[in-house]
Amino acid sequence: MFRSVSLLSLTLAAVPAFAEPATHTVVADGERMEYASRLAPGEVVAIEGRSVDSHESFHLIVLPTGRVRGAFGPVPVSFMISRTHRARLVEQLRAQRSSGVAMAVSTITPASN
């Protein structure tokens, strides 16, 4: 599905939040994807979505350490993002949950090692 995980970029758009996480659409590695993200217990960020073009689903879990694990279809992925970037993502999801609106834009990309 993806030529390189390093090209993956999931963008959180500023949209109203409802009881269910809002669905966002983004283009990454030439594919349109729809996804929703939420803050799960233990400060874990959960991202669920699918490719609009291939209908293949994906899920990612962003751990407090910055480790991202998940799968794109049947292909498992694991990479790191910076703790600073992860902290910004958590902050945005908290703001979304508190105010009902995502306040900022963020991307998730693997950190360079």
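Residues numbered from 1 in each chain as written. Predicted model: local features only at pLDDT ≥ 70, side-chain atom pairs only at ≥ 80, totals over all residues. Heavy atoms only, no water.

A few words on the confidence of the model for the chain. Confidence in the prediction of the chain, expressed as mean pLDDT, is 75, and 68% of residues score 70 or more. Within the chain, strand β1 (residues 10-12) has the poorest average pLDDT of any element, 37, and strand β7 (residues 75-80) the best, 95. With pLDDT under 50 throughout, residues 1-19 is counted as low confidence; its partners more than four residues away or in other chains account for 68 contacts. Confidence drops under pLDDT 50 across residues 101-107; counting only partners more than four residues distant or on other chains, this segment forms 24 contacts. (pLDDT = per-residue confidence, 0-100. Helix = DSSP H or I, 4+ residues; strand = E, 2+ residues; numbered from the N terminus. Contact = heavy atoms within 4.5 Å.)

A word on the pattern of salt bridges. Taken as a whole, this structure holds three salt bridges when the rule is applied. Between Glu34 and Arg50 there is a salt bridge, with the nearest N and O atoms lying 3.3 Å from each other. Taken as a pair, Glu34 in strand β3 (residues 31-40) and Arg50 in strand β4 (residues 44-51) lie far apart in primary sequence, 16 residues in all. Judged by relative accessible area, Glu34 falls into the partly exposed class, the value being 26%. (Salt bridge = Lys/Arg side-chain N within 4 Å of Asp/Glu carboxyl O. Buried < 20%, exposed > 50% of the residue type's maximum accessible area, 1.4 Å probe, protein only.)

The next point concerns the environment of His55. Of note, His55 is situated in the loop between β4 and β5 (57-62). Once the C-alpha coordinates of His55 and Met33 are considered, the two residues, 22 residues apart in sequence, prove to be 8.9 Å apart. Side-chain polar atoms of His55 contact the side chain of Arg50, separated by 3.0 Å. (Polar contact = N/O pair within 3.5 Å; in protein donor to acceptor, adjacent residues only side chain to side chain.)

This part takes up the pairing of strand β2 (residues 24-28). Residues His24, Val26 and Ala28 point to one face of β2 and are all buried, whereas Thr25 and Val27, pointing to the other face, are not buried. In this structure, the hairpin formed by β2 and β3 is closed by a connection of two residues, where Asp29 is found at a positive phi of approximately 55°. (Pairing = 2+ DSSP bridges.)

Right, let's get into the packing of aromatic side chains. In total, this model carries one aromatic pair according to the counting rule given. Seen in terms of ring centroids, Phe58 and Phe72 are 5.2 Å apart; in terms of plane orientation they differ by 25°. Their pairing is stacked. With a gap of 14 residues between them, Phe58 in strand β5 and Phe72 in strand β6 (residues 67-72) connect regions that are remote in the sequence. For the residue pair Phe58 and Phe72, the accessibility class agrees, reading buried in each case. (Phe/Tyr/Trp six-rings, centres within 6.5 Å; stacked < 30°, edge-to-face > 60°.)

Note on soluble globular proteins: their nonpolar side chains tend to be buried together. Residues Val45, Ile47, Phe58, Leu60, Val62 and Val68 are the most contacted members of the largest nonpolar core, which totals 18 residues. Counting only elements with at least two residues in this core, the list comes to β2, β3, β4, β5, β6, β7 and α1 (83-99). Apart from residues no more than four positions distant in its own chain, Val45 is found in contact with Arg38, Leu39, Leu60, Ile61, Val62, Leu89, Val90 and Leu93. (Core = buried A, V, L, I, M, F, W, Y, C linked by side-chain atoms within 4.5 Å.)

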